[in-house]
Amino acid sequence: MEKLLIKGGNQLSGKITCSGAKNAALPMISSTILSDEKVTLKNLPYLQDITTMFELLGSMGADILLDEDMNFTIESNNLKDIEARYELVKTMRASILVLGPLLAKYGKARIALPGGCAIGSRPVNYHLDSLRQMGAEIVLKNGYIEASAKSLKGADIRFDGVTVTGTENLMMAATLAEGKTTLLNVAKEPEIADLADMLNSMGAKIDGAGSDKITIQGVEKLSGTSFEIPADRIEAGTYLAAAAVTKGDIKIEGINPNRLMKVIDKLINTGAKVDYDEDSISFIMTNDIPDPVDITTAPFPEFPTDMQAQFSVINAISSGTANIYETIFENRFMHILELNRMGCDISVNGNHAIIKGVKSLYGAEVMATDLRASASLILAGLCAKGETVVDRIYHIDRGYERIEEKLNYLGANIVRLPS
Ligand code: EPU
């Protein structure tokens, strides 16, 4: 297994460009199933999760072509198989995103039921209950979700809890349903509005994505489109956090700061100076030591759970004590045990982490457990004394494009060690 060797202590400075957003790209690739024509996606990030989604569509019979401009053209019309097998689903839970499109277009789907994962139990009951309200028959059999529907019918659906991929699945399914669907208590993450923009460019009739209530008027078919994946707000936030722990001075280009306002506010509270225009963010850490910041994760527009681990590191080297409450996933503190092995002073009580700032961290051999946990270990390595080796970095390759290259470009010293 490949590892990253990080020599800590370098200040980050310079300019980088944000890659396309993983969590926007995954539902967009899946939505190509709804189209009768070819769809071109631009600015797709080069990530393991994207490869897995392509493998999934490919296994069902989609044609995927990469052109000389690095754009992908996907033709998912006439799939010969409607099954997402366990081998793929177990490596990427977002495979559930093919359920809504398959049901809407082919009237059936067989998807391996995702199990628990490193950050929590992550059931998909909201997806299934809502699709049932649209007329789908769904049974769980031999570890698979077996779903069928002669035709999906528009419905008024209120989600029992806010779910990002659940909202996306239902929004996609409703585009080809009979009549009007209203979705209430939906996720408002920017990736939902991005997906709606793409679907509308294919002829869908979606209103309100990004707000509490989404309405979708079903249409008979969707056409092709050419669509650019917007920048990854969590990638941008992670590099800003890396600058915060290295007393850095960086600029991130290609990112709309409105997608990251709660993170920017918290960075300012640590003592950083943050300036932005409509597509870039400039960051200077003006404090010698970051001030501690309390954080409670919650659905957008509140503080994202996907930035919680990175802020654990900022707090770990802060001048005081901070409280972090994780309200989205029940087990998203796996990085804490590894961070404590690097000299952090963090205790966890249920969904509450109490982080006491320490003068310095020291390098150690640590193990990544999930994507954002890996990012936090890299950040800790960047500000630790000595060398840190982060093992199991396949987690990081799922969601950060060329992370060591981008960090080294900003002045870090990271080497990828072969397995
Ligand atoms: N939940 C249920 N039942 C459901 C669906 C969700 O109980 O049917 C619970 C989950 O267990 C969790 C909460 O609701 O406690 C929110 O889960 P959600 O469904 O919103 O998460 P997701 O759609 O599976 C997406 C992102 C995650 C991100 C979360 C929260 C994608 C592909 N994944 O997951 O991204 O953390 O929303 O914002 O969009 C990451 O990129 O590292 C990542 C984990």
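For every chain, the first residue of its written sequence is number 1, and the numbers climb from 1 along that sequence. The model is predicted, so local features are restricted to residues of pLDDT at least 70 and side-chain atom pairs to those at 80 or more, both for listing and for counting; the totals for chains, interfaces and linings are taken over all residues. Side-chain figures throughout are based on the complete set of non-hydrogen atoms in the structure, without hydrogens or water.

Q: Please give an account of unusual backbone geometry that cites residues and values.
A: With an omega dihedral of 15°, the bond running from Phe300 to Pro301 counts as a cis peptide bond. The secondary structure listing takes helices from DSSP runs of H or I that are at least 4 residues long and strands from runs of E that are at least 2 residues long, numbered from the N terminus. Within the secondary structure, Pro301 is located in the loop between strand E18 (295-296) and helix H10 (308-316). For Asn78, which is not glycine, the phi dihedral falls at a positive 60°. Along the chain, Asn78 falls in the loop between strand E5 (72-75) and strand E6 (83-84). By relative accessible area, which is 61% here, Asn78 ends up exposed. The buried label applies to any residue whose accessible area, calculated with a 1.4 Å probe on protein chains only, is under 20% of its type's maximum; exposed applies above 50%, and partly exposed to all values in between.

Q: Report on the site of the ligand, specifying residues and quantitative values.
A: Proximity is defined per residue: if any heavy atom of the residue lies within 4 Å of a molecule or strand, that residue is considered near it. Taken together, the neighbourhood of the ligand is formed by 20 residues, with Tyr126, Thr163, Thr165, Asp306 and Ile328 sitting nearest. Arg122 is positioned with one of its side-chain polar atoms (N or O) 3.0 Å from an oxygen atom of the ligand. A distance of 2.6 Å is found between an oxygen atom of the ligand and a side-chain nitrogen or oxygen belonging to Thr165. Across the complex, the protein chains shield 86% of the 830 Å² of accessible surface that the ligand would expose by itself. Among the elements that take part in the shell around the ligand, helix H5 (residues 125-133) stands out by supplying 3 residues, more than any other. Gly is put with the polar residues, along with every residue not named as nonpolar or charged; the nonpolar set is Ala, Val, Leu, Ile, Met, Phe, Trp, Tyr, Cys and Pro, and the charged set is Asp, Glu, Lys and Arg. Of the residues that constitute the shell around the ligand, the class distribution is 9 nonpolar, 6 polar and 5 charged. Within 3.5 Å is the distance limit for a polar contact, defined as a pair of N or O atoms, with the added protein rule that one can donate a hydrogen and the other accept it, and that residues adjacent in sequence qualify only through two side-chain atoms. Accessible surface area values rest on a Shrake-Rupley calculation with a 1.4 Å probe, where residue burial reflects the displayed protein chains alone.

Q: Lay out the sheet that holds strand E17 (residues 280-285) with the relevant residues and their values.
A: When DSSP locates at least two bridges between a pair of strands, those strands are taken to pair. In space, the 4 strands of this open sheet follow the order E2-E15-E17-E16, with mixed pairing throughout. Pairing within the sheet leaves two strands with one partner each, and these edge strands are strand E2 (13-17) and strand E16 (272-277). If you compare each strand with its neighbour and ignore which way they point, the axes differ by 10° on average. As paired elements, E2 and strand E15 (residues 249-253) share 5 bridges and run parallel to each other. Residue pairing for E15: Lys15 is matched across the bridge by Lys251. Pairs of residues are marked as contacts when any of their non-hydrogen atoms sit within 4.5 Å. In this description, a line fitted to the C-alpha atoms serves as the axis of each element, helices being fitted only across the stretch in contact, and the angle between N-to-C directions of two axes falls anywhere from 0 to 180 degrees. Across the sheet, helix H9 (residues 261-269) touches E16 and E17, and the angle it forms with E16 is around 150°.

Q: Give a detailed account of the pattern of salt bridges, specifying residues and quantitative values.
A: Salt bridges are identified by distance alone: a Lys or Arg side-chain nitrogen within 4 Å of an Asp or Glu carboxyl oxygen. For the coordinates displayed, the defined rule picks out 24 salt bridges. Notably, a salt bridge pairs Arg85 with Asp81, separated by 2.8 Å at the nearest N-O pair. Here Arg85 falls in the partly exposed class, since its relative accessible area comes to 29%. We note a salt bridge from Arg132 to Asp129, for which the minimum N-O separation is 3.4 Å. Pair noted here: Arg132 and Asp129 are both in helix H5, with a separation of 3 residues, about one helical turn. Among the residues examined, Asp129 registers a relative accessible area of 30% and is labelled partly exposed. A single salt-bridge network, built from bridges that share partners, covers Asp81, Glu83, Arg85, Arg110 and Glu146.

Q: Now, about the packing of aromatic side chains: what can you tell me, with residues and values included?
A: Here a Phe, Tyr or Trp ring, Trp counted by its six-membered ring, pairs with any other such ring whose centre lies within 6.5 Å, and the pair is stacked when the planes are under 30 degrees apart, edge-to-face when over 60, and tilted otherwise. Enumeration according to the criterion identifies 2 aromatic pairs in this entry. Arranged with centres 4.8 Å apart and planes meeting at 35°, the rings of Phe54 and Phe72 form a pair that is tilted. Remark: Phe72 occurs in strand E5 and Phe54 occurs in helix H2 (residues 48-60); sequence separation between them is 18 residues. Of the two residues, Phe54 and Phe72, both sit in the buried class. Geometrically, the ring pair formed by Phe303 and Phe311 is edge-to-face, given 5.0 Å between the ring centres and 80° between the ring planes.

Q: Can you explain the pairing of E16? Please cite residues and give values.
A: Each regular strand shows side chains that alternate between the opposite faces of the sheet. Two strands pair when backbone bridges link them, and E16 and E17 are joined in this way by 6 bridges, in the antiparallel orientation. For Lys273, the partnering residue across the bridge sits in E17 and is Ile284. Two successive antiparallel strands, E16 and E17, enclose a turn made up of 2 residues.

Q: Just give me the short version of the sheet that holds strand E12 (residues 205-207), but keep the residues and values in it.
A: A sheet is described by the order of its strands in space; here 4 strands give the open sequence E10-E11-E13-E12, paired in mixed fashion. Each of the sheet's edge strands pairs with one partner strand only, and the pair in question is strand E10 (156-158) and E12. Each neighbouring strand pair of the sheet contributes to a mean axis angle of 15°, computed without reference to strand direction. Bridging between E12 and strand E13 (residues 213-217) involves 3 bridges; their strand directions are antiparallel. Of the residues in E13, the one forming a bridge with Asp207 is Thr215.

Q: Describe the side chain of Asp194, listing the residues and the values that go with them.
A: Within the secondary structure, Asp194 sits in helix H7 (residues 190-201). Once you skip the residues sitting within four places of it in the chain, Asp194 turns out to touch Ala24, Met28, Phe227, Pro230 and Arg259.

Q: I'd like a rundown of H9, residues and numbers included.
A: Of the residues making up H9, those classed as buried are Val263, Ile264 and Leu267. Angularly, the buried residues of H9 cover 100° about the axis, an arc narrow enough to put them on a single face. Against the buried residues of H9 lie helix H8 (233-245), E16, E17 and H10. Looking at the residues trailing H9, positive phi occurs at Gly271, about 110°. Note that the arc is defined by the directions from the helix axis to the C-beta atoms.

Q: Mind laying out the packing of helix H1 (residues 22-31) against H7, listing which residues take part and the relevant values?
A: Between two packed helices, the angle of one axis relative to the other and the distance separating the axes together describe the packing. Contact geometry of H1 with H7 gives a least axis separation of 9 Å together with a crossing angle of 30°. Taken as axis vectors, H1 and H7 run roughly parallel relative to one another. Considering how the two elements wind past one another, H1 and H7 form a crossing that is right-handed. Contacts between H1 and H7 involve Asn23, Ala24, Pro27, Met28 and Ser31 on the former and, on the latter, Glu191, Asp194, Leu195, Met198 and Leu199. For classification, angles of less than 35 degrees are called roughly parallel, those exceeding 145 degrees roughly antiparallel, those between 65 and 115 degrees roughly perpendicular, and all remaining angles oblique. Less than a right angle of anticlockwise turn of the near helix away from the far helix marks a crossing as left-handed, whereas a clockwise turn marks it as right-handed.

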